[in-house]
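Descriptive structure summary
Single-letter residue listing:
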Amino acid sequence: MKKYIYIFLIILVLIAVILVGYLNKSKQNNDSKKIKVQNSEEVISVRVREETEGGYVYYKTEDKELIEKVINALDNIKIEEKTDISFSDNRKTYILELADGTTQEYNFQGSYYCKDKINYKISNYKELNKIEIRILKSKK
């Protein structure tokens, strides 16, 4: 009788492990989402801070048409799976300034998105990267 109880417990544990693995995988697949700019109609300017080997380069625009292009490009970026890949000098941060004085930041490293200190693979980043915003100043 003990033998059957042990077999039953082993099967129960295996089912639990499989179920937990399946739920975690489903959750990972649900992580695949897009960046959605909050309060996009209130954005008054876009600043870009680009980290290079030589320091930082800053860009800024208040052009409504250009701001709309940036917002649309951000909204079209698809966030995929988490990754450990990171770069030390290839970061581009888009800072959206809202009418109420608050900001929203979006950090990219090549074709990776960094949010809450976690890096994610992304797709559709090339469209955002193609948008040219005029240079403000350089700082090392």
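This one's a predicted model, so the numbers in the text were calculated from it and none came from an experiment.

**Focus on unusual backbone geometry**
Residues other than glycine seldom take positive phi values, yet aspartate 116 does so here, at roughly 55°. Its location among the elements puts aspartate 116 in the loop between strand E7 (112–115) and strand E8 (118–123). A relative accessible area of 65% places aspartate 116 in the exposed class. Phi at asparagine 124 takes a positive value of approximately 70°, unusual for a residue other than glycine. Note on placement: asparagine 124 falls in the loop between E8 and helix H3 (125–130). Note on asparagine 124: relative accessible area 44%, which makes it partly exposed.

**Topic: the pattern of salt bridges**
Within the structure shown, the criterion is met by seven salt bridges. Close ionic contact of lysine 60 with glutamate 97 constitutes a salt bridge, the shortest N to O distance being 3.9 Å. Linking lysine 60 in strand E3 (residues 55–61) with glutamate 97 in strand E5 (residues 91–98), this pair joins segments that are 37 residues apart in sequence. Among the residues examined, lysine 60 registers a relative accessible area of 22% and is labelled partly exposed. Sharing partners across several salt bridges, the network here consists of Arg47, Lys60, Glu62 and Glu97.

**A short note on helix H2 (residues 64–75)**
Under the 1.5 Å per step criterion, the end-to-end length of H2 is 16 Å for 12 residues, consistent within 8% with the ideal 16 Å. For H2, the full list of buried residues reads Leu66, Ile67, Val70, Ile71, Ala73, Leu74 and Asp75. Buried residues in H2 make contact with strand E1 (33–34), strand E2 (43–52), E3, E5, strand E6 (103–109) and H3. Put simply, aspartate 63 is the residue that caps the front of H2, since its side-chain oxygen is 3.1 Å from the backbone nitrogen of glutamate 65.

**A closer look at the nonpolar core**
In this structure, Val46, Val70, Leu74, Tyr94, Tyr106, Phe108 and Leu128 are the most contacted members of the largest nonpolar core, which totals 27 residues. Considering every element that reaches this core, the biggest residue donor is H2, with six residues. Dropping the residues within four chain positions of it, leucine 128 is found in contact with Val70, Ala73, Leu74, Ile77, Tyr94 and Phe108.

Rules behind the numbers
Residues numbered from 1 in each chain as written. Predicted model: local features only at pLDDT ≥ 70, side-chain atom pairs only at ≥ 80, totals over all residues. Heavy atoms only, no water. Helix = DSSP H or I, 4+ residues; strand = E, 2+ residues; numbered from the N terminus. Buried < 20%, exposed > 50% of the residue type's maximum accessible area, 1.4 Å probe, protein only. Salt bridge = Lys/Arg side-chain N within 4 Å of Asp/Glu carboxyl O. Expected span 1.5 Å × (residues − 1). Contact = heavy atoms within 4.5 Å. Polar contact = N/O pair within 3.5 Å; in protein donor to acceptor, adjacent residues only side chain to side chain. Core = buried A, V, L, I, M, F, W, Y, C linked by side-chain atoms within 4.5 Å.

Treat this as a map of the structure, not an account of what it does.
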